[in-house]
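Report on the structure
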Amino acid sequence: MIKNYLKTAFRSFGRNKLFTFINVIGLSIGISAALVIYLIVHYDFTFDKFHKDSDRIYRVVTNFTFEGQPAYNGGVSGPIPGAVKSQVSGVEESEPFFIMFTTDVTIPANKTQAKFKSQDDVIVTGKGYFNLFQYKWLAGSGKTALDEPNKVVLTSDQAQKYFPGLSYDLMLGKTVVYDTIRTTVTGIVQTPKENTDFRFTDFISFGTTNTNKDLGARLSLNNWGGTSNERQLFVRLSPQTAPSSIERQINDILKKHDKQGSSSKGNTHTFHLQPLDEMHFDARYGAFNGRVADKTTLFELFTIAIFILLLGCINFINLTTAQGAQRSKEIGIRKTMGSSRKQLIAQFLSETFLITLIAVIISVTTAPVILKLFSGFVPYGVTADVFGQPAILLFLAGLIVVVSLLSGFYPALILSGYKPVTVLKSQAQNSDNQTRSSVMRKSLIVTQFVIAQFFIMATLLVSKQIYYAVHKDLGVKKDAIVIVNTNWKTRTASLNQVFINKLKTIPQIDMISAGRDAPTSDDGHSTQATYRDGKKEVKMELGLKFGDENYIKVYHIRLLAGRNLQPGDSTKAFLINNTYAKMIGFNDPRDAVGKQIDDFNGDTPMKIIGVVSDFHQESLHAPIAPIAIITSTNINFNSTFHIALKSQRPNGDEWAQAITSIKKAYKEIYPNDDFDYHFFDETIARLYDNDQRTSTLLSWAMGLSVFISCMGLLGLAMYTTGLRRKEIGVRKVLGATVTQIVTLLSTELVMLVILAFIIVTPIAWWTMNKWMQNFAERTPISWWVFVLSGAGMLLTALFTLSFQTIKAAIANPVKSLRSE
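Now for a description of the structure that goes with this document. (Residues numbered from 1 in each chain as written. Predicted model: local features only at pLDDT ≥ 70, side-chain atom pairs only at ≥ 80, totals over all residues. Heavy atoms only, no water.)

1. Things to note about the overall build of the protein
The helix and strand inventory of the protein stands at 27 helices and 25 strands. For the protein, with 820 residues in total, the buried portion stands at 50%. Of the contacts made within the protein by residues no fewer than 6 positions apart, 79% connect residues no fewer than 24 positions apart. Surface summary for the protein: the accessible area is close to 38300 Å², and the carbon and sulfur share equals 57%. (Helix = DSSP H or I, 4+ residues; strand = E, 2+ residues; numbered from the N terminus. Buried < 20%, exposed > 50% of the residue type's maximum accessible area, 1.4 Å probe, protein only. Contact = heavy atoms within 4.5 Å. Areas by Shrake-Rupley, 256 points an atom, 1.4 Å probe, with all protein chains shown as cover.)

Laid out in structure tokens, this is it:
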């Protein structure tokens, strides 16, 4: 029986090659989108699931509030790990680790030394780390490897990089130097193959803090108030222990030792337990590898995949039911010969299954190409190794079943319901089933074009908002500014001055400023500040930008009142923006000049010497905040150089020459450091990377949805014109023009497209209005976006229909009527 089903299916495919091709392509696109998006979703949702008892592992994180404003930090203060280990009950295992960012590694040898600069995956920890997290030991023992000071455990990949060609056992006892810390290799663990955020490669024993004073000072083991992302603490709770009870105990310890800092003057400082499976998705506390997945984005991706897959299924349903008349006599004869309705349903479902299976094979084959095409969007680590991942195979099997039933069940039900007597009398077109299928077909066409037009409208509005954000006047100059960062380990005030002097000799440079981050960036500092005038007290979080007297000149920030910064202002005076001036009660910037801000950065009073115009400190997602611009003698706040370049001729190379000269000067001062630079306008563009990815995703969704919808429309047009071939011939004989016939054939389908536009417009407006709320400043949702979307879809539909309707209208009527 199955053999007969297959024979009949392939015969049907052969007789209807074009419709089969359209169905396969439509389903292939939908299934490819679903597969690639599932690979991404599966990748992100499997992070760190392989650790034993992962549901009981938590990260201790820190929550702050400053005057009601929340702030978050993924680290803890120095003494907390020791206190948790000795004073908190209900904790089965706990271990801190300290991340040593940008560590230079040296491998001593007999005559030469291998050097590896700026290694970021080096941590200081204890043996409890390997009790919490699963690692396979290749050499050494987890019980003793980190027991003593100045010991290190390496992952297998890192060990091969440091000691190429050696066996793991021979690596034990070798020396590795981290900056100035000399260690001995005591263990090698397998580099994790599973998806994990714990990508650390070098594990230095915690006891090393006792023998290295500088390292001990960086850990701040006695500072209850200091918190840093570099200091991490993980715990595994005992079974049946509630996280809330652990949080309460830890916060009680903090209150006991840091009474003033844990809750003072309306501010709060508390600890919270973050589940391990939430760490990969919680951007508030950051991630070790710099990437935090967004659940909302993943759900949006999945929704898009469902819609595109649905479009392919709708095409299949429409074209299959439309072909019902062509197969009506086949169905009548089969029923007359004794076939039951169940057998006919099985026959039609088997055909759907085969088409779906072919589409899945095409999707699996093209998945690597799609992943490569979207490499800028797809997270690093997502692979199309379908057969090496049982969960992916299970997903594909489920997808084949669901798509086969979704696409094939309704057509099978309709076609198998034809009555033999009716269809054999060639009356299938007048049957109730045919009428019902026609109504369903029209409804599905409208659904297709609702989805397609929604994606068009969303794409246009998102692109319009991003263009507005990137090109809006932020209150600062954006172009022709180069930002050069220096290495915190090697920079000194005297070397920086030499570098500035060299830069001044470069003819393409207009002006130089030394400071910290740019006016608009994703990096920032803030502090508490209080203004008192005898009647009121205004206390708030005040953002900080660090720069010298040239800072506002380089970025063309207007000075509204007062004077500019001077070198001697670092400890007594600063500039504020107009927003802050208004918040403390001065609508006229001139009135704010000379006033004093108390409790700045603790208890330091600062004088307002000038007020500058407002500028955006972050992307347009955030409103303009109160901010101060301050000059500093601290080397960490004046070692980023903001270099304004002179104008460049059209197609000139002056800026390229300037970069070459700047790099040469930098290497003369810091020969062993990498030259780290970028343009300011690139920094601004990066603030909208997520929005750009959303726009790209919507653009592809739009293109695919329009393509699938138009393919289905073309198939229906071919079926309709074929069905009405004799009618068209008669009309032409009676004098109908080509235009009249094209209009006749197109009107019904065009009306369906217009109906879809009427339905989707309010839906798209509401959805995009909600999305726009993520921006503090946004472009208006213009009426022309919807009109352009609807007109574009209508013209595309007419263009698609024209291929078949014009062909039918200009055909010789003799050919269609001669059989009569």
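2. Looking at the pairing of strand 3 (residues 91-100)
Counting buried residues along strand 3, 9 of its 10 residues qualify, which places the element largely inside the surrounding structure. Sheet topology places strand 3 next to strand 12 (residues 231-237); 7 bridges connect them, and they run antiparallel. Looking across to strand 12, one finds that Ser94 is bridged to Val235. Judged from the 4 bridges that link them, strand 3 and strand 6 (residues 122-125) form a sheet pairing that is antiparallel. From the neighbouring strand, Ile99 faces strand 6, where its bridge partner is Ile123. (Pairing = 2+ DSSP bridges.)

3. Thoughts on the sheet that holds strand 25 (residues 676-679)
Neighbouring strands of a sheet are bound in pairs by backbone hydrogen bonds; such pairs are parallel or else antiparallel. Pairing is antiparallel across the open sheet formed by 4 strands, whose spatial order is 16-24-15-25. Among the strands making up the open sheet, the edge pair consists of strand 16 (509-515) and strand 25. Across the sheet, the axes of successive neighbouring strands diverge by a mean angle of 20°, strand direction being ignored. The pairing of strand 16 with strand 24 (residues 640-645) spans 6 bridges and is classified as antiparallel. Paired with Ala514 across the strands is Phe641, a residue of strand 24. Docked against the sheet, helix 21 (residues 654-669) engages strand 15 (481-485), strand 16, strand 24 and strand 25, running at close to 20° with respect to strand 15. (Axes fitted to C-alpha atoms, helices over the stretch in contact; angles between N-to-C directions.)

4. So, the packing of helix 24 (residues 725-733) against helix 25 (residues 738-772)
Two quantities define a packed helix pair, namely the angle between the axes and the distance from one axis to the other. At a minimum axis distance of 10 Å, the contact between helix 24 and helix 25 shows a crossing angle of 150°. With respect to their mutual orientation, helix 24 and helix 25 come out roughly antiparallel. In the packing of helix 24 onto helix 25, the handedness of the crossing is right-handed. Touching Glu727, Ile728, Arg731 and Lys732 of helix 24 are Ile741, Leu744 and Leu745, all from helix 25. A class-by-class count of the residues in the contact of helix 24 with helix 25 yields 4 nonpolar, no polar and 3 charged. (Parallel < 35°, antiparallel > 145°, perpendicular 65-115°, else oblique. Left-handed = near helix turned anticlockwise from the far one by under 90°. Nonpolar A, V, L, I, M, F, W, Y, C, P; charged D, E, K, R; others polar.)

5. Comments concerning the pattern of salt bridges
Inspection of every chain in the model, using the stated rule, returns 16 salt bridges. The partner of Arg236 in a salt bridge is Glu92, and the shortest N-O contact between them spans 2.8 Å. Of this pair, Arg236 sits in strand 12 while Glu92 sits in strand 3; the two residues are 144 residues apart in sequence, bridging distant segments of the chain. One salt bridge connects Lys545 with Asp517, and the closest N-O pair in it is separated by 2.6 Å. Of this pair, Lys545 sits in strand 18 (residues 537-546) while Asp517 sits in the loop between strand 16 and strand 17 (525-532), and the two are 28 residues apart along the sequence. Among the charged side chains, a salt-bridge network with shared partners connects Asp53, Arg56, Glu92 and Arg236. (Salt bridge = Lys/Arg side-chain N within 4 Å of Asp/Glu carboxyl O.)

6. What about the nonpolar core?
Grouped together as the largest cluster of nonpolar side chains are 111 residues, with contacts concentrated most on Leu27, Tyr555, Ile629, Phe680 and Met793. The greatest single-element share of this core, amounting to 16 residues, is contributed by helix 2 (residues 17-45). (Core = buried A, V, L, I, M, F, W, Y, C linked by side-chain atoms within 4.5 Å.)

7. Section: the side chain of Ser521
In this fold, Ser521 is placed in the loop between strand 16 and strand 17. A residue is classified by how much of its surface remains accessible, and Ser521, at 7% relative accessible area, is buried. With sequence-adjacent residues up to four places away left out, Ser521 is seen in contact with Lys545, Gln617, Glu618, Thr683 and Leu687.

8. Describing the packing of aromatic side chains
The way to describe two aromatic rings as a pair is by their centre distance and the angle between their planes. One pass over the structure, following the stated rule, counts 35 aromatic pairs. Between the aromatic rings of Phe499 and Tyr666, the centroid separation amounts to 5.7 Å while the plane-to-plane angle is 80°, which identifies the pairing as edge-to-face. Remark: Tyr666 occurs in helix 21 and Phe499 occurs in helix 17 (residues 493-503); sequence separation between them is 167 residues. Judged by relative accessible area, which is 1%, Tyr666 ranks as buried. Taking 5.5 Å as the distance between ring centres and 55° as the angle between the ring planes, the aromatic pair formed by Tyr551 and Tyr555 counts as tilted. There is no split in this pair, since Tyr551 and Tyr555 are both buried. Each residue in the set Phe97, Tyr129, Phe130, Phe133, Tyr135, Trp137, Phe198, Phe200, Phe203 and Phe234 is aromatic and connected to the rest through ring pairs, giving one cluster. Its end group placed over the ring of Tyr72, Arg284 keeps NZ or CZ at 4.8 Å from the ring centre. One residue, Lys295, lies across the ring of Phe281, its end atom 5.1 Å from the ring centre. (Phe/Tyr/Trp six-rings, centres within 6.5 Å; stacked < 30°, edge-to-face > 60°. Lys NZ or Arg CZ within 6 Å of the ring centre and 35° of its normal.)

9. A word on the packing of helix 3 (residues 80-87) against helix 8 (residues 243-257)
Where helix 3 contacts helix 8, the axes come no closer than 11 Å and their chain directions differ by 120°. When the axes of helix 3 and helix 8 are compared, the pair comes out oblique. Once helix 3 is placed against helix 8, the crossing between them reads as right-handed. Touching Ile80, Ala83, Val84 and Gln87 of helix 3 are Gln249, Ile250 and Ile253, all from helix 8. Its residues assigned to classes, the contact of helix 3 with helix 8 comprises 5 nonpolar, 2 polar and no charged.

10. Regarding empty space enclosed by the protein
Following the criterion strictly, the structure yields 3 cavities of 30 Å³ or more and no others. Empty space within the second largest cavity amounts to approximately 60 Å³. Only strand 3 and strand 12 provide two or more residues apiece to the lining of the second largest cavity. Here the element with the most residues in the lining of the second largest cavity is strand 3; it accounts for 3 residues. By residue class, the composition of the lining of the second largest cavity is 8 nonpolar, 2 polar and 1 charged. (1 Å grid on protein atoms, 1.4 Å probe; cavity = no way out; pocket = protein on both sides within 12 Å on 5 of 7 lines; lining within 4 Å. Points joined across faces, edges and corners; volume = space filled by probe spheres on them.)

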